[in-house]
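Chain by chain, the residues run as shown.
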Amino acid sequence: PRVHPFMDQDECERVRHIKKADLCNHPNANFKISIIEDSTQFAFSYLLDIVSGIKRSLDEGRRHVIILPAPNPMYALVAQMLNQLRIPCKHVHTFNMDEYADENGVTAPRDWKGGFQYWMWHDWFGRMDPELAIPEQQIHFPSSDNVHVYSRMIDDLGGADICYGGIGWAG
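Residues numbered from 1 in each chain as written. Predicted model: local features only at pLDDT ≥ 70, side-chain atom pairs only at ≥ 80, totals over all residues. Heavy atoms only, no water.

### Observations regarding a nonpolar patch on the surface
Together, Val 15, Ile 18, Leu 23 and Ile 35 make up a nonpolar patch on the protein surface, roughly 300 Å² of accessible area in all. Among the structural elements, Ile 35 can be located in the loop between helix 1 (9–16) and helix 2 (39–59). When its relative accessible area of 41% is taken as the criterion, Ile 35 is described as partly exposed. (Patch = residues over 30% accessible without salt bridge, like charges linked within 9 Å, V, L, I, M, F, W, Y side chains within 5 Å. Areas by Shrake-Rupley, 256 points an atom, 1.4 Å probe, with all protein chains shown as cover. Salt bridge = Lys/Arg side-chain N within 4 Å of Asp/Glu carboxyl O. Helix = DSSP H or I, 4+ residues; strand = E, 2+ residues; numbered from the N terminus. Buried < 20%, exposed > 50% of the residue type's maximum accessible area, 1.4 Å probe, protein only.)

Below you can see the structure in the form of structure tokens.
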């Protein structure tokens, strides 16, 4: 069964051949793309961008919708910073980009230590002070049940405020 809505091989091949020098050029002026090659600078920028986006939207009195790549141990630092700064996250909605699934499209359970849900809960969501935490019903992962409406779930919230990318094992 088709478990992924986009399977255009020609388009995938075209994208694979985009030159590094052209990666930051996008026809939509609202897309701000940058490449940070220094891992320390990247780590700090990533952490600060997530936390400052959550704080800024809180101060502006609006919800904050984040699309996140697979788990990253730095998410533990996001939780630590949010906790230490006492930044409430009741206005935050997260959408993870992916989750493992078997050949039948059945996604991994939350308690499987190899799964993305497990590590996101381990590294970020489960480390939050309950008074500050993102409400569980606002933490989303693609699953066998929602994969066909996952994009619509984001659209129903008015779209994403930010989408962080991650390069998986397949590049």
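### Things to note about the pairing of strand 1 (residues 64–68)
Counting buried positions along strand 1 yields five of five residues, so the element is predominantly enclosed. A two-sided burial pattern is seen for strand 1, the buried positions comprising His 64, Ile 66 and Leu 68 on one face and Val 65 and Ile 67 on the other. With five bridges joining them, strand 1 and strand 2 (residues 92–96) adopt parallel strand pairing. Across the sheet, the residue bridging to Ile 67 is Phe 95, located in strand 2. As a crossover connection, the stretch from strand 1 through helix 3 (residues 75–84) into strand 2 is right-handed. As judged from the two bridges shared by strand 1 and strand 4 (residues 162–163), these two strands associate in the parallel manner. What sits directly across from Ile 66, in strand 4, is Ile 162. (Pairing = 2+ DSSP bridges. Right-handed = clockwise from strand over helix to strand, strands pointing away.)

### As for the environment of Gly 61
Residue position: Gly 61 is located in the loop between helix 2 and strand 1. Along the chain, Gly 61 and Val 51 lie ten residues apart, while their C-alpha atoms are 15 Å from each other.

### Details of the packing of aromatic side chains
Counted under the stated rule, the structure contains ten aromatic pairs. Geometrically, the ring pair formed by Phe 95 and Tyr 150 is edge-to-face, given 5.5 Å between the ring centres and 75° between the ring planes. Of this pair, Phe 95 sits in strand 2 while Tyr 150 sits in helix 5 (residues 150–156); the two residues are 55 residues apart in sequence, bridging distant segments of the chain. Tyr 150 carries the same exposure label as Phe 95, and that label is buried. Relative to Trp 119, the ring of Tyr 118 lies with its centre 5.0 Å away and its plane at 80°, an arrangement referred to as edge-to-face. Trp 119 gets classed as partly exposed once you look at its relative accessible area, which sits at 31%. The structure contains a cluster of three or more aromatic residues connected by ring pairs, namely Tyr 46, Tyr 75, Trp 121, Trp 124, Phe 125, Phe 141 and Tyr 164. (Phe/Tyr/Trp six-rings, centres within 6.5 Å; stacked < 30°, edge-to-face > 60°.)

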